[in-house]
Every structure is written in C-alpha cells, then in structure tokens.
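Observations on the three-dimensional arrangement
One-letter residues, chain by chain:
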Amino acid sequence: MTDYGHDLLFGVILTPDAHTPTGALDLAVLADEAGLDLVTVPDHPYRPDYLEAWTLLTAIATRTARIRVLPNVANLALRPPALLARAAATLDLLSGGRVELGLGAGGYADAIADEGGPRRTPGESLDALSEAVTVIRSLLTPGQPVNFDGVHHHLRDARPGPAHPHPIGLWLGTVGPRALRLTGRIADGWLPSATRIPPHALADANRVIDDAATAAGRRPADIRRLYNLPGLSGDVSSQLAALTLEHGTGGFLFFVDSPAQIRALATTVAPRTRDLVAEARAQNPPNRERAR
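Residues numbered from 1 in each chain as written. Predicted model: local features only at pLDDT ≥ 70, side-chain atom pairs only at ≥ 80, totals over all residues. Heavy atoms only, no water.

Let's talk about the overall build of the chain
Along the chain, the regular secondary structure elements total nine helices and eleven strands. Relative to the 2.2 N^0.38 estimate, which gives 19 Å for 292 residues, the radius of gyration of the chain is 18 Å and therefore close to what a compact globule would have. Reported as C-alpha extents along the three principal axes, the dimensions of the chain are approximately 55 × 45 × 35 Å. Within the span of the chain, comprising 292 residues, buried residues form 52% of the whole. In the chain, once contacts between residues fewer than 6 apart in sequence are set aside, the share between residues at least 24 apart is 75%. Taken as a whole, the chain presents about 13,000 Å² of accessible surface, with 53% of it coming from carbon and sulfur. The distance from the centre of the 28 positive side-chain charges to the centre of the 31 negative ones in the chain is 4 Å. (Helix = DSSP H or I, 4+ residues; strand = E, 2+ residues; numbered from the N terminus. Rg over C-alpha atoms; globule rule 2.2 N^0.38 Å. Buried < 20%, exposed > 50% of the residue type's maximum accessible area, 1.4 Å probe, protein only. Contact = heavy atoms within 4.5 Å. Areas by Shrake-Rupley, 256 points an atom, 1.4 Å probe, with all protein chains shown as cover. Lys, Arg positive; Asp, Glu negative; His and termini not counted. Charge placed at Lys NZ, Arg CZ, Asp CG, Glu CD.)

Dropping the structure here:
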C-alpha cells in the first residue's frame, strides 16, 4: 500500500460543447459555488464541435472565485510551449493564482497534421513533451533570459514572465513506461485516465514513476497522483478512498454533464471520501517525510 499523504482534491471534466456554449460555463460556476477544487476541459483544437479550451478556461476563471482551472490535457503539438507558458502565467495572474497545467504529448496524429501541426512518431512526441516541460518551467521561473536548444523547441534570450502568484503545477497525462519514467523525473503531477490506466494497473504504473523519481533524486510523493474517471454514478466514496490509501491517488476528476452530478460530488462523495481517508490515516499515518 502507498499513501503519499496529499490532501485530496475533487473536480470535474466538462465537455466544451460548441452547440451549447454556455453549458460548460454554467456547470463550472456551480462547481465553484459547491466548493469543488478543480474544473478542467479537454483540449482538442481540431474539433469544431468543441469550444477552444484555453478561451473557455479564461471565461471560466473570470466567472468563478476560488476553483482552480486547467486543460485536461493541453495538446502540445498544437500549442507552442513558450506561448502556453505566457498564457498560463497571465491567467494565473488575472485569476489570483488558480491555474495548473495538464500537459500531453498530443494524440490523434492525423487531426493534428490536418490543422498544420507536426506529424511526429510516438517517440518524437514524447521527446517534444520533455522539451516543452523544460521550456514552460523556464519561462514560469523568475530569473535571467533563457536559452534552450532542443530538437523540437528552442529559446533565444527569452525572458521569463509575466510574474504570477503561485507555482503552476505541470501535470502530465502519460501512459507508457518511457512516458511514466519522464513523469517521475520532471513532472509535478500525474494525470492519467481510467480508460487508459485502469485501477488494476495503477500499482505497476506508480512503481515506474516512483523508481524514476528516486533515481532523479526526488521523493515519489513530490508527484501528485490524480485520476480522470467516468461519469459519477452513486456513492463511490469507499472506492475512491481505497485508491488513495492503496495507490496514493490525491485527486479525482469526473466527467459530468449535469448539476445533479456536481452537487452529489461536492456534498456526498468528496466529504465522505475525505472522512474515510482521514479515519484510515489516523490508524496508519502516511510517511510525512515522503509527502508534500
């Protein structure tokens, strides 16, 4: 069993349906008012039936007061990392420190190429993701101008900024062994989906991340583990508590499409899960030296 000791986060994944453009915005406002922690939207810029993710997140941030926003996950094949870093810093500044970054290598190679993006092999996409994390982190960190010569991304005397209120987390949506090792080496968080990494596969995936983190001189608990889950149905508190206590999952994001699901998550599932985890931790405290 591995409990990294993180405070639990609960949030939603909203469908950015262009046919009902205010629908996701209204649900995000409700999630904020209900006391949830995170609101996220998928990033598929090649889909005209979807609202553009970053514009929608900006609108959500301006309509909400406390909830954090992030793309789930940003398609780096179509979003230059330097520009994404500036956009994230700007929105973090405007929102009072409520932005995190979910990052992905970019699937759907044909759709990306059709939009004018690069056609990369899976290995090239992962290399580009690694470089993008370096670029983004460099421009989010105050300091001297940055130079970076990568295969896919470059910086020439690029000045970091704008200054923003809080450290923006870089959470990677990774799956394969090589990508998981990258997460352990450089990421602030891991953001898989249950459709790609089902619960029975979490232990092996976490082991790969932990080994890579240790080899890089990091604590395994330096990487927050989150989980994208299908739509909420019933009280799943005991299942979520088990995921925290057995696999270290520190955040749960649900695909939702109704106010009722948001209210159930905020008023029933989240508090019950927190209570179950708190009770278990009182009996068997996590190693706080490993937790962040």
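Read on, since the account is not over.
Side note on the pairing of strand 5 (residues 101-104)
Residues in a regular strand point their side chains to alternate faces of the sheet. Residues of strand 5 alternate between two faces, with Leu101 and Leu103 on one and Gly102 and Gly104 on the opposite face, all of them buried. Bridge count between strand 4 (residues 74-75) and strand 5: two bridges; the pairing is parallel. In the strand pairing of strand 5, Asn75 is matched with Gly104. After leaving strand 4, the chain enters helix 3 (residues 81-95) and then returns to the sheet as strand 5, a path that is right-handed. (Pairing = 2+ DSSP bridges. Right-handed = clockwise from strand over helix to strand, strands pointing away.)

A look at the packing of aromatic side chains
How two aromatic rings sit relative to each other is given by the distance of their centres and the angle of their planes. All chains considered together, the criterion is met by two aromatic pairs. For the pair Tyr46 and Tyr108, a centre-to-centre distance of 5.9 Å together with 50° between the ring planes defines the contact as tilted. A residue pair is termed long-range when its members are at least 10 positions apart, and Tyr46 in the loop between strand 2 (38-41) and helix 2 (53-63) and Tyr108 in the loop between strand 5 and helix 4 (109-114) qualify at 62 residues. Between Arg47 and the ring centre of Tyr50, over which it is positioned, the NZ or CZ distance is 3.9 Å. (Phe/Tyr/Trp six-rings, centres within 6.5 Å; stacked < 30°, edge-to-face > 60°. Lys NZ or Arg CZ within 6 Å of the ring centre and 35° of its normal.)

So, the pairing of strand 1 (residues 9-13)
Buried residues dominate strand 1, accounting for five of its five residues. Of the two faces of strand 1, the one lined by Leu9, Gly11 and Ile13 and the one lined by Phe10 and Val12 are each fully buried. Bridge count between strand 1 and strand 11 (residues 249-255): five bridges; the pairing is parallel. In the strand pairing of strand 11, Ile13 is matched with Phe255. Taken together, the three bridges between strand 1 and strand 2 define a ladder with parallel strand orientation. Each residue of the ladder has a partner; that of Ile13, found in strand 2, is Thr40.

Regarding the environment of Ser258
By the secondary structure assignment, Ser258 is in the loop between strand 11 and helix 9 (259-283). C-alpha of Ser258 to C-alpha of Asp7: the two residues are 251 residues apart in sequence and 26 Å apart in space. Within the structure, the side chain of Ser258 is placed 3.2 Å from the backbone nitrogen of Gln261, a separation counted as a polar contact. (Polar contact = N/O pair within 3.5 Å; in protein donor to acceptor, adjacent residues only side chain to side chain.)

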